[in-house]
Number of protein chains: 2
Amino acid sequence: MSSSTKYDLVVIGGGPAGYAAAIRAGQLGKKVACVEQERPGGTCLNWGCIPSKALLKSAEFYNKLKHSEDLGITVKGVDYDFSKIIGRSRDVADTMAKGIGFLFKKNKVDHVIGTGTVSVPGMVEITDGKDKGKILAAEKILIATGCKPRRLPDLDVDGERVMTSRQALAMKKQPKSVVIVGAGAIGAEFAYFLNAFGTKVTLVEMLDQVLPVEDHEAAAVVEKSFKKDGIDCRTSTAVENIKVNPKSVKMDLVKDGKKESITAESILLAIGVVANTENLLSPRVKLKLDRGYISVDDNYESSVKGIYAAGDIIGPPWLAHVATYEAIQAVNGMFGEGKPQRVTDFPGCTYCLPQVASIGKTEKKLKEEGVDFKVGKFPFQASGKAVASNQSEGFVKLLVDKKYGEILGAHIVGADATEMIAEYGLGMKLEATAEEIHNTIHAHPTMSEAMMEAAAAVFGEAIHI
Amino acid sequence: MSSSTKYDLVVIGGGPAGYAAAIRAGQLGKKVACVEQERPGGTCLNWGCIPSKALLKSAEFYNKLKHSEDLGITVKGVDYDFSKIIGRSRDVADTMAKGIGFLFKKNKVDHVIGTGTVSVPGMVEITDGKDKGKILAAEKILIATGCKPRRLPDLDVDGERVMTSRQALAMKKQPKSVVIVGAGAIGAEFAYFLNAFGTKVTLVEMLDQVLPVEDHEAAAVVEKSFKKDGIDCRTSTAVENIKVNPKSVKMDLVKDGKKESITAESILLAIGVVANTENLLSPRVKLKLDRGYISVDDNYESSVKGIYAAGDIIGPPWLAHVATYEAIQAVNGMFGEGKPQRVTDFPGCTYCLPQVASIGKTEKKLKEEGVDFKVGKFPFQASGKAVASNQSEGFVKLLVDKKYGEILGAHIVGADATEMIAEYGLGMKLEATAEEIHNTIHAHPTMSEAMMEAAAAVFGEAIHI
């Protein structure tokens, strides 16, 4: 790349927003660079969604081994190798990251390694890392630097006593006990994973349910299952006075004003994320921010012309699939491929077992908003496939507009929930009614029939309940 | 029930068409009887879809145990109890059948036990079984007697040397070797099940691929996987000269005019079905038939007014979910709940591993019809969730109309295929385009993202390939 190279697009950040944007621009024949400090893939691929799913697969299988006799199968001498489990999850991340590297080449994306700083509009300087000193001229800039795990003030993350998800994904040693702070998707997934392999897990949540953003009934199914599996779930509970000792961490759990002292080998912080804006902008570039996130207009353009942003860096919901969507929309828009769409409905998933998947609003939210809605609910206990597969925990719950039957929200808890939600996602995209879903032939026997039965239940027409 | 009772509806047959029809009529407040020789549930629930899925669950788990080290887990002393595996599948069928019994009570459906014969229009006589001699007066009659496995002439089904799926689902002893005749869904599922537990399986198919109704590429993935697992797959092969000996069955496999003699402990016939019309109609009732199946009009009414038919008894595709749909449509129509819909698109599933699920037309069919179409294909190897879950075999293939992008067919082979197909099913119902599916945010990381990527691939816009 000569110093006179001018890029059509320079993307800063190589995660699900950044790499997708770069590849999409490449597909459009644009000259594009993707600036990333590490290998491509971002948090999601390297330190989030993907390696955690590998760990959960091992945990799920290990848990199922405990019930193999249900299926007429006996096993003796079950054991696991924690370092192999972590190792496989790293291998999976490696494989997928190499895949992105290959896609960069295929789509002629220049991967520039280092910290990208917007010096002035139209110019990105590499201020740190392998390619430090390089200056990239850019017709357009897309900021997709994402977020990183939130930490607590005055609490060093040493990767052993104190971890965030990033360190936890590369744990060298399985802790005998852990307090997980935050019972959102990340906290719940680590709780399921570590508990499966015998770590004593205390899962602490400030709000009044595990998975606080999910439907309360779905969350209750998970909490009940977690408790049955031996996870100590503490909701409406705060963590205070954390003291890190050489071999343990001591803290107070505070509920209703009552303090309880607890000691564990490690503490894992799963308390949300903060925007990656460090060294992103030179003092000459002033972008409008909103609570630390970059404000963008309907075209994903920031307050400075030619500088766009997409993904976690523009704020919640901090989900990889939303980030990818936004980034592609932004790129399409900037290169004249149609009017970019902003995100309205998106699925959210938690991959412990039972899985939770949802889209749209919760019952509680609809009630708060005073919306007139109807509920259709179908339990997996009444599903032949669920019973035959020995996985009849959970339900499908569909919330529809009372007048037209349009889907307002859907909540699934149970095995396969995270795959099943795709149908309701398409349904919401196409403004499908409960009646249309009810009248769609679903394969028998599948778990997904519950999606149709829940729609039928809205009208009292479910066959199997 | 007094002799003067007149039913609004008498349903003959208690399978997925019959029981659904009876429950639906009950929901509508109709006085309804369901005549069934055995307990409710029909072939599907008692001797088909449901118990076979229980067996497959055991087989799938047992097969996965062989690869547990991939997940960092070691097991020793793996064993299975064949009678327990069969026993669990019978228990599952029992549970679900009891459920239908409960639903009959809840919806005030009279379960009449025996063979129902239509004496004259408006009258059903119980000509055999527990309630023999009862006569039911009926405003309307719905025939939903379904089908039973096809047999071969001059070959007694003794349940040990010679079986159909019905006997195979209650096998007392695992055969050391078996020849399965017919590699459709049923044959393929039994092949997968028995092979998993070490039976030497020869799977013979007259046509030129396993799963002959499926997309040729999807079938090829299954055949390759079957062969790798040790199943001897013989396509374009006929079975001749079957000789049953006390301890074995001997036969010729004929391919390209060449004969090969083969001996196995058992033979399993999976060669389709024939209509259950025995003792169904008195000689006074003459319904128009088509190749043995009852002909119906758009309202599911037969050639005799007041006698309706739905499900397998009206002909292919012989699928439980199609049968249920037809039956509900028929009942809605006969009681003024809207114009009944006839079936256009429906999913078809095979539950071995890799699973196969499809809807609409195959590539081959579209070519034969001279339709202008485009293909979008996405391999699970490029899916982060598939790789993280150690299940990256297979692909999603979407066939769309060249002009408008409307879905003409979809073919999925791989883990979770049978759940994923639901989304495309809704898509076809709503006449969604590939572009709409491409633009629907799918949760990351899920297998279902492949559905979106296949849609994107139609336009060369898939991100991950």
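Residues numbered from 1 in each chain as written. Chains lettered and ligands numbered in written order. Predicted model: local features only at pLDDT ≥ 70, side-chain atom pairs only at ≥ 80, totals over all residues. Heavy atoms only, no water.

> How should I be thinking about the packing of aromatic side chains in this particular structure?
In this description, a pair of aromatic rings is defined by centroid distance and the angle of the planes. Residue and element names in this part refer to chain A. For the structure shown, the criterion picks out 13 aromatic pairs over all chains. Where F193 meets F197, the ring centres are 5.7 Å apart and the plane angle is 75°; that geometry is what we call edge-to-face. In this structure, F193 and F197 share a single accessibility class: buried. One aromatic cluster in this structure is built from Y62, Y80, F82, F193 and F197. The aromatic ring of F395 is capped on one face by K377, whose charged end is 4.4 Å from the ring centroid. (Phe/Tyr/Trp six-rings, centres within 6.5 Å; stacked < 30°, edge-to-face > 60°. Buried < 20%, exposed > 50% of the residue type's maximum accessible area, 1.4 Å probe, protein only. Lys NZ or Arg CZ within 6 Å of the ring centre and 35° of its normal.)

> Explanation requested: the domain arrangement of chain A in the structure shown.
Much of the literature gives interface size as the accessible area that the parts lose upon coming together. Residues and elements named next belong to chain A. Domain annotation for chain A reports domain 1 (6–149 + 274–334), domain 2 (162–271) and domain 3 (354–457). Using C-alpha coordinates to define each centre, domain 1 is positioned 27 Å away from domain 2. Of the residues lining the interface, 21 residues belong to domain 1; the matching set on domain 2 comes to 16 residues. Here domain 1 packs against domain 2, burying approximately 1700 Å² in sum over the two surfaces, 68% of which is carbon and sulfur. In this structure, the connection of domain 1 to domain 2 is made through two salt bridges. The shortest N-O distance in the salt bridge between E189 and K53 comes to 3.1 Å. Class assignment of the residues belonging to the side of domain 1 that touches domain 2 gives a composition of eleven nonpolar, five polar and five charged. (Domains from an automatic or database assignment. Contact = heavy atoms within 4.5 Å. Buried area = accessible area lost by both parts, 1.4 Å probe. Salt bridge = Lys/Arg side-chain N within 4 Å of Asp/Glu carboxyl O. Nonpolar A, V, L, I, M, F, W, Y, C, P; charged D, E, K, R; others polar.)

> How should I be thinking about the sheet that holds strand β14 (residues 249–255) of chain B in this particular structure?
Sheets are built from strands that pair by backbone hydrogen bonding, the pairs being arranged parallel or antiparallel. Residue and element names in this part refer to chain B. Taken in spatial order, the three strands make up an open sheet running β13-β14-β15, and their pairing is antiparallel. The outermost strands of the open sheet, each flanked by one partner alone, are β13 (238–244) and β15 (258–264). Strand-to-strand twist across the sheet, computed as the mean angle between neighbouring axes with direction ignored, equals 20°. Bridge count between β14 and β15: seven bridges; the pairing is antiparallel. Bridge assignment links V254 to a residue of β15, and that residue is K259. (Pairing = 2+ DSSP bridges. Helix = DSSP H or I, 4+ residues; strand = E, 2+ residues; numbered from the N terminus. Axes fitted to C-alpha atoms, helices over the stretch in contact; angles between N-to-C directions.)

> I'm lost on the relation of the copies chain A and chain B in this one. Help?
Both copies of the chain are tied together by a single rotation about an axis and a shift running along it. Expressed as a screw transformation, the operator carrying chain A onto chain B has a rotation angle of 180° and an axial translation of 0.0 Å, and the superposed copies differ by an RMSD of 0.0 Å. Such a turn and shift between the copies fits a two-fold axis. Relative to the rotation axis, the C-alpha of E423(A) is the closest in chain A, positioned 2.1 Å from it. A share of 100% of interface residues in chain A that are also interface residues in chain B marks the association as one of identical surfaces. (Least-squares fit on C-alpha atoms with pLDDT ≥ 70 in both.)

> Explain the pairing of strand β11 (residues 200–204) of chain A here, please?
Strand residues, when the strand is regular, have side chains that alternate between the two faces of the sheet. Residue and element names in this part refer to chain A. Burial analysis of β11 places four of its five residues in the buried class, which makes it a mostly covered element. In terms of strand pairing, strand β10 (residues 177–181) meets β11 through five bridges, oriented parallel. Bridge pairing links V179 to T202 in β11. As for the winding sense of the linkage, the β-α-β connection from β10 through helix α6 (residues 185–196) to β11 is right-handed. Relative to strand β12 (residues 232–234), β11 runs parallel, the two sharing three bridges. Residue pairing across strands places T202 opposite D232, the latter belonging to β12. As a crossover connection, the stretch from β11 through helix α7 (residues 216–228) into β12 is right-handed. (Right-handed = clockwise from strand over helix to strand, strands pointing away.)

> Please clarify how the UniProt feature "binding site: FAD" (unreviewed entry) in chain A should be interpreted in this entry.
Feature annotation in UniProt assigns "binding site: FAD" (unreviewed entry) to the following positions: K53(A), G116(A) and D312(A). Their sequence span is 260 residues, while the largest C-alpha to C-alpha distance among them is 29.8 Å; these annotated residues do not converge on one region. Here K53(A) is to be found in helix α3 (residues 49–65). Among the residues examined, K53(A) registers a relative accessible area of 5% and is labelled buried. In this structure K53(A) touches E189(A), Y351(A), K385(B), A388(B) and P445(B), once residues within four positions along its chain are discounted. Here S52(A) takes part through its side chain, which lies 2.6 Å from a polar atom of the side chain of K53(A). Within the secondary structure, G116(A) sits in strand β5 (residues 115–120). Taking relative accessible area as the criterion, G116(A) reaches 5% and is therefore assigned buried. With near-sequence residues (within four places) excluded, G116(A) lies in contact with I12(A), V35(A), V124(A), E125(A), I126(A), N279(A) and L280(A). (UniProt positions renumbered as here; feature names shortened; annotations may be inferred. Polar contact = N/O pair within 3.5 Å; in protein donor to acceptor, adjacent residues only side chain to side chain.)

> Would you explain the pattern of salt bridges in this entry?
When the charged atoms of two side chains lie near each other, side chains of opposite charge can form a pair. Residues and elements named next belong to chain A. One pass over the full model with this rule turns up 43 salt bridges over all chains. Its salt-bridge partner being R39, residue D94 comes within 2.7 Å of it at the nearest N-O pair. Taken together, the residues D94 in helix α4 (residues 82–106) and R39 in the loop between β2 (32–36) and α2 (42–47) connect sequence positions 55 residues apart. Residue class for D94 comes out partly exposed when judged on its relative accessible area of 27%. Accessibility expressed as a relative area gives 32% for R39, which makes it partly exposed. Of the charged contacts, one joins K397 and E363 as a salt bridge, the two residues approaching to 2.4 Å between their closest N and O atoms.

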